[in-house]
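Structure at a glance
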2 protein chains.
Amino acid sequence: RLTFSSPDAPGMPAPSDRTAWDFLPDGWATGTDATPDSARTFEQADGSPRWVAVPDGFEPVTQLESARLGIVTPQMTRVAEREPHLSAEQVRDEVAAGRMVIPANTRHLEYNLDPMAIGRASLTKINANMGASPVSSGTDEEVEKLQWAEKWGADTVMDLSTGGDLDACREAIIRASHVPIGTVPIYSMIIGKKLEDLNIEIILDTLRHQAEQGVDYMTVHAGVRRAHIDLVKDRLIGIVSRGGSLLAKWMLVHQAENPMYEHWEAICDVLHDRDVTFSIGDGLRPGGLADATDAAQLAELYTLGELTERAWRKGVQVMIEGPGHVPFDQIEYNAKIQRRLCHGAPFYVLGPLVTDIFPGYDHITSCIGATSMAYHGASMLCYVTPKEHLGLPKKDDVKQGCVAYKIAAHAADVALGIPGTRDRDDDLTRARAALNWEKHFELSFDPDLARAYHDEDLDVDT
Amino acid sequence: RLTFSSPDAPGMPAPSDRTAWDFLPDGWATGTDATPDSARTFEQADGSPRWVAVPDGFEPVTQLESARLGIVTPQMTRVAEREPHLSAEQVRDEVAAGRMVIPANTRHLEYNLDPMAIGRASLTKINANMGASPVSSGTDEEVEKLQWAEKWGADTVMDLSTGGDLDACREAIIRASHVPIGTVPIYSMIIGKKLEDLNIEIILDTLRHQAEQGVDYMTVHAGVRRAHIDLVKDRLIGIVSRGGSLLAKWMLVHQAENPMYEHWEAICDVLHDRDVTFSIGDGLRPGGLADATDAAQLAELYTLGELTERAWRKGVQVMIEGPGHVPFDQIEYNAKIQRRLCHGAPFYVLGPLVTDIFPGYDHITSCIGATSMAYHGASMLCYVTPKEHLGLPKKDDVKQGCVAYKIAAHAADVALGIPGTRDRDDDLTRARAALNWEKHFELSFDPDLARAYHDEDLDVDT
């Protein structure tokens, strides 16, 4: 197992003993023993053999399908180039196991996407959210924010626009981006419509449209089930996920199950055709420390495990979204129960904040939780800006959020002992020991700021 | 045992089975069984009896001595008033065990000191450093910084002045402060003198002078021993503690043992007479991730344990200073080996930074480490400002450092489950759920900032 992991504290759930290999599509078979006729065989990165039998005429579309056939795609090669501690074959094997995703819409690959991977065998990634609202900013401004986020190290960007010309904005962001772009398609499904009128046709049409545009990963809140709604009634702050609350309302109005859950296989087919990666949403994530790790959150997580299995049977790549607001002592459990229930599918978390009483500083309150969450198993950290809970992030807020999360991601990678990750820290320490200020600045994440702070006291003996 | 603690991960050192009760002065005896004639008896907070026999005519001076006699001092009562989860008797028992200190110089108590406690049974505390340098700021400015730090929640303040009129500045800060004041007296011992001329008379004179001024706790680097110097030669950045490197140089010049170690009992006597608390310095603390938890650091920590025992035998209160720069995965070990070797004496740590490559953001890199260190056992966190490694903190840097460390301290207290600590978080969550913005701001740590951020987007639907 290539996964980097913290040692388990007493009482933590053990890893799942299953992987995506245990959830193959109908008509598939695999094994590591004697190869049956008609099966392909390949050597895994650890030197062991594996055979795979697939239906006649099968052609792989997704990275997961290629990996299952033993194929090293150009995207896997590129990932290994960007992360030298991994070989392309290791990347392939992690993708095949479902523990790594390469969110790379086949359309976006025709533009400027530089393929990257998310999974606990690779470096911790960070995501920056942006998006126009009905009363703020337009397409040009969002593209500028995208480029700014890329400059400050965002590994992926989510376009969460809820206003303006959503389609044009999404298209512009996809064409301009070098990083994978994620969306929450339910925001588009209800623009100018009544929520009650949402149905599976609208859902599939919207997903298909965004898949054709080139979106690399999509948040789909299929895990919020009708039976879960009762579980939130004693919460301090109910349902804070917008997607989660929209679907809960839909279920209450229609007295019916979540259509995304019901029609999950049809949704999988749509995402499959452009190799869109699922980011299965946590619609019941806690909105405050008091609601963390409660029955609603865990019931949904259990469903997310089921949806993971079903998506893997459809050949679709999966990551899982996580909280939110979690006391520091509950973070390891949150990471490790996800690892178990979702069989190692990459965990993509929002912070979490470890206290609620510092609005205006939530990039800090949350990057503390994010460091711990990554150390204990999360693969991607969705940034939180200083404006969280208060307003819409401006350019400098985006930077502050990115920097705080690069700190969290890097600190976790060093702690996990990923080869080579501490080299730059050590070089900077050497520059410090030598009082080599120029080198000190060069090795800094934000050289201009370091230089400016230093120069403020230029006449001062520091 | 009242101490709040994280569960021990596999392989962590167990707590010491000894306390300050095992290191009584000559002529003292104690027990919890049948009381001998001439011994005093008192009921401990857990209801169990204890007897103590002391030499004839003994009068307690320090909080530790009073606690050992079963006396609840006015300062203990005040601490319990400020921390309602503790009774005054529990405070007394923690002080008697050496697991809690009340840094309250008897002189400072004549001015405006509001007594507080440091120990893992109480809330996590934060310290703010300040001090004039030869080329910057004067007494008025330092007093203003002190008041600013108090406003932003500093529980103690260290005056690290190395220039200007040190004596007048220290005096002014002590008179103006409501919080305990700490110093690093070696800075004063060498001003205008040659380091080589330092001797035990100068050391004792300086300590006595500052004790008479009212300093509540003093960093004394008695743990850096001659035999340790060889252990730093393979480090990337050698000795970064100023006190540590001065004493190492002294030992090399004189080919002699650290005079502070040699004359520890004489030093204890000086601190004892005004009930100055030791903050035994970690002169060999690592200056970069690469040097963390190495032989030099651990050898010194072992000596700090010995010095703790010797100080307790002199009736002096003790806390222990800790690193500095520590990878996230080594933090729990650092906290728990200190707990073992120093028998539960409060641990007072500087951050630690969990990565070295973000100069300009070290209030963030270090408050991540500080949260984890407090959760795993540290009692007080010395703040780091954005200017760390680059320059001298200005007023806003002091604020940013304080806020980041209030976040760390509070997040750890919530995680440790200290009764009542999450109430404000929950109230704020309720205000959020009710969309009660005024209450939301009121409950925020920095209401003005939260309101300002919110008002930036007043016309925007958030």
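For the structure, see preceding data.
A brief look at the structure comes next. Note that the structure is predicted; figures quoted are calculated from it, not measured.

1. What about the overall build of chain A?
Within chain A one finds 17 helices and 13 strands. At 22 Å, chain A has a C-alpha radius of gyration in line with the 23 Å of a compact globule built from 462 residues. Dimensions of chain A along its principal axes, counting C-alpha atoms only, are 75 × 55 × 50 Å. Across the 462 residues that make up chain A, the buried fraction comes to 65%. Look at the contacts in chain A between residues 6 or more apart in sequence, and 73% of them connect residues 24 or more apart.

2. Notes on the interface of chain A and chain B
Taken together, the 74 residues of chain A in the interface contact 74 residues of chain B. Buried area between chain A and chain B, both sides added, is near 6300 Å², and the carbon and sulfur share of it is 71%. For chain A, the biggest contributors to the area lost against chain B are Ile357, Tyr361 and Leu390 of chain A; these three give 12% of the whole. On inspection of chain A and its partner chain B, the count reaches 4 salt bridges. Here Glu456 of chain B makes a salt bridge to Lys394 of chain A, at a shortest N to O gap of 3.4 Å. Inspection of the region where chain A meets chain B yields 16 residue pairs in polar contact (both at pLDDT 80 or more). Contributing elements (two or more residues each) for the side of chain A that touches chain B: helix H13 (362-376), helix H14 (395-416), helix H15 (423-433), helix H16 (437-443) and helix H17 (447-456) of chain A. Each residue belonging to the side of chain A that touches chain B can be placed in one class, and the counts come to 36 nonpolar, 19 polar and 19 charged.

3. Focus: the nonpolar core
One finds Trp264 and Phe278 of chain A together with Trp264 and Phe278 of chain B to be the most contacted residues of the largest nonpolar core, which totals 243 residues. The residues contacting Trp264 of chain A, other than those within four sequence positions of it, are Val220, Ala222, Phe278, Ile280, Leu307, Arg310 and Ala311 of chain A. Membership of the second largest hydrophobic core comes to 23 residues, among which are Trp21, Met76, Ala80 and Ala104 of chain A.

4. A look at the side chain of Ser122 of chain B
All names here are of chain B. Within the secondary structure layout, Ser122 lies in the loop between strand S5 (118-119) and strand S6 (125-130). Here the side chain of Ser122 touches Gly119 through a polar contact of 2.8 Å, landing on its backbone oxygen. Apart from residues no more than four positions distant in its own chain, Ser122 is found in contact with Glu83, His85, Leu86, Met100, Ala117 and Ile418.

5. Quick notes on the packing of aromatic side chains
Under the definition given, this model contains 18 aromatic pairs over all chains. Look at Trp148 of chain A and Trp152 of chain A: their rings are 6.0 Å apart centre to centre, the planes differ by 75 degrees, and that puts the pair in the edge-to-face class. Each member of the pair, Trp148 of chain A together with Trp152 of chain A, is buried. Aromatic pair Phe328 of chain A and Tyr375 of chain B: ring centres 5.4 Å apart, planes at 85 degrees, arrangement edge-to-face. Here Tyr375 of chain B lies in helix H13 (residues 362-376) and Phe328 of chain A lies in the loop between strand S11 (318-322) and helix H12 (331-341), a pairing that spans two chains. Residue classification places Phe328 of chain A among the buried positions, given a relative accessible area of 6%. Overall, the relative accessible area of 10% leaves Tyr375 of chain B in the buried class. Ring pairing ties together the aromatic residues Trp148, Trp152 and Phe445 of chain A together with Phe358 of chain B, which thus form one cluster. The ring of Trp28 of chain A carries Arg68 of chain A above its face, with NZ or CZ at 5.9 Å from the centroid. Directly above the ring of Tyr261 of chain B sits Arg310 of chain B, whose terminal nitrogen or CZ lies 5.1 Å from the centroid.

6. Quick look at helix H7 (residues 200-213) of chain A
Two residues of an α-helix separated by three or four positions point the same way, owing to the 3.6 residues in each turn. Residues and elements named next belong to chain A. With 14 residues, H7 extends 20 Å between its outermost C-alpha atoms, agreeing within 8% with the 20 Å of an ideal straight helix rising 1.5 Å per residue. Looking only at H7, the buried set comprises Ile200, Ile202, Ile203, Leu204, Thr206, Leu207, Gln210, Ala211 and Gln213. Those residues of H7 that are buried are in contact with helix H5 (166-176), strand S8 (181-183), helix H6 (186-189), strand S9 (217-220), helix H9 (259-262) and helix H10 (264-273). The opening residue of H7 is Asn199, an N-cap whose side-chain oxygen sits 3.1 Å from the backbone nitrogen of Glu201. Phi turns positive, to about 120 degrees, at Gly214, one or two residues after H7.

7. Looking at the relation of the copies chain A and chain B
Under the fitted operation, chain A is carried onto chain B by 0.0 Å of movement along the axis and a turn of 180 degrees, and the coordinates agree to an RMSD of 0.0 Å. This pairing of chains is accounted for by a two-fold axis. In this assembly the copies share their binding face: 100% of the residues contributing to the interface of chain A also contribute to that of chain B.

8. Details of the pairing of strand S3 (residues 49-53) of chain B
Residues and elements named next belong to chain B. The element S3 is extensively covered by neighbouring structure, given that 4 of its 5 residues are classed as buried. Pairing of strand S1 (residues 29-31) with S3, which is carried by 3 bridges, proceeds in the antiparallel orientation. Pairing of Gly31 across the sheet is with Trp51, part of S3. Note that strand S2 (residues 40-43) and S3 share 4 bridges and pair antiparallel. Bridging across to S3, Thr41 finds its partner in Trp51.

9. Observations regarding the pattern of salt bridges
A complete count under the given rule lists 66 salt bridges over all chains for this structure. Glu83 of chain A is the partner of Lys125 of chain A in a salt bridge, and the nearest nitrogen-oxygen pair spans 2.7 Å. Residue Lys125 of chain A is found in strand S6 (residues 125-130), and its partner Glu83 of chain A is found in the loop between helix H2 (74-82) and helix H3 (88-97); the two are separated by 42 residues along the sequence. Here Lys125 of chain A matches Glu83 of chain A in class, with each residue buried. Between Arg120 of chain B and Asp413 of chain B there is a salt bridge; the shortest N-O distance is 3.1 Å. Taken as a pair, Arg120 of chain B in the loop between S5 and S6 and Asp413 of chain B in helix H14 (residues 395-416) lie far apart in primary sequence, 293 residues in all. Owing to a relative accessible area of 4%, Asp413 of chain B belongs among the buried residues under this scheme. Among the ionic contacts, a cluster of salt bridges with common partners joins Asp8, Glu332, Lys336 and Arg339 of chain A.

10. A few points about the environment of Gln255 of chain B
Residues and elements named next belong to chain B. Position of Gln255 among the secondary structure elements: in the loop between helix H8 (242-254) and helix H9 (259-262). Residues Gln255 and Arg313, spaced 58 residues apart in sequence, show a C-alpha to C-alpha distance of 29 Å. At a separation of 3.2 Å, a polar atom in the side chain of Gln255 contacts the main-chain carbonyl oxygen of Leu252.

11. Side note on the sheet that holds S9 of chain A
Residues and elements named next belong to chain A. In spatial order, the strands read S6-S7-S8-S9-S10-S11-S12-S13; together these 8 strands close into a barrel with parallel pairing. Each neighbouring strand pair of the sheet contributes to a mean axis angle of 25 degrees, computed without reference to strand direction. Running over the sheet, helix H11 (residues 295-313) touches strand S10 (277-280) and S11 and is turned about 165 degrees from S11.

12. Some points on unusual backbone geometry
Note the cis peptide between Pro323 of chain A and Gly324 of chain A, where omega equals -5 degrees. Tracing the backbone shows Gly324 of chain A in the loop between S11 and H12. Here the bond from Gly351 of chain A into Pro352 of chain A is cis, since omega is 5 degrees, no more than 30 degrees from zero. On the secondary structure map, Pro352 of chain A appears in the loop between strand S12 (347-350) and H13. One non-glycine residue, His389 of chain A, lies in positive phi territory at about 75 degrees. In this structure His389 of chain A comes out as partly exposed when scored by relative accessible area, which is 23%. Its identity is not glycine, yet Ser38 of chain B carries a phi of approximately 70 degrees, on the positive side. Mapped onto the elements, Ser38 of chain B comes out in the loop between S1 and S2. The exposure class assigned to Ser38 of chain B is exposed, which follows from its relative accessible area of 73%.

The rules behind these values
Residues numbered from 1 in each chain as written. Chains lettered and ligands numbered in written order. Predicted model: local features only at pLDDT ≥ 70, side-chain atom pairs only at ≥ 80, totals over all residues. Heavy atoms only, no water. Helix = DSSP H or I, 4+ residues; strand = E, 2+ residues; numbered from the N terminus. Rg over C-alpha atoms; globule rule 2.2 N^0.38 Å. Buried < 20%, exposed > 50% of the residue type's maximum accessible area, 1.4 Å probe, protein only. Contact = heavy atoms within 4.5 Å. Buried area = accessible area lost by both parts, 1.4 Å probe. Salt bridge = Lys/Arg side-chain N within 4 Å of Asp/Glu carboxyl O. Polar contact = N/O pair within 3.5 Å; in protein donor to acceptor, adjacent residues only side chain to side chain. Nonpolar A, V, L, I, M, F, W, Y, C, P; charged D, E, K, R; others polar. Core = buried A, V, L, I, M, F, W, Y, C linked by side-chain atoms within 4.5 Å. Phe/Tyr/Trp six-rings, centres within 6.5 Å; stacked < 30°, edge-to-face > 60°. Lys NZ or Arg CZ within 6 Å of the ring centre and 35° of its normal. Expected span 1.5 Å × (residues − 1). Least-squares fit on C-alpha atoms with pLDDT ≥ 70 in both. Pairing = 2+ DSSP bridges. Axes fitted to C-alpha atoms, helices over the stretch in contact; angles between N-to-C directions.

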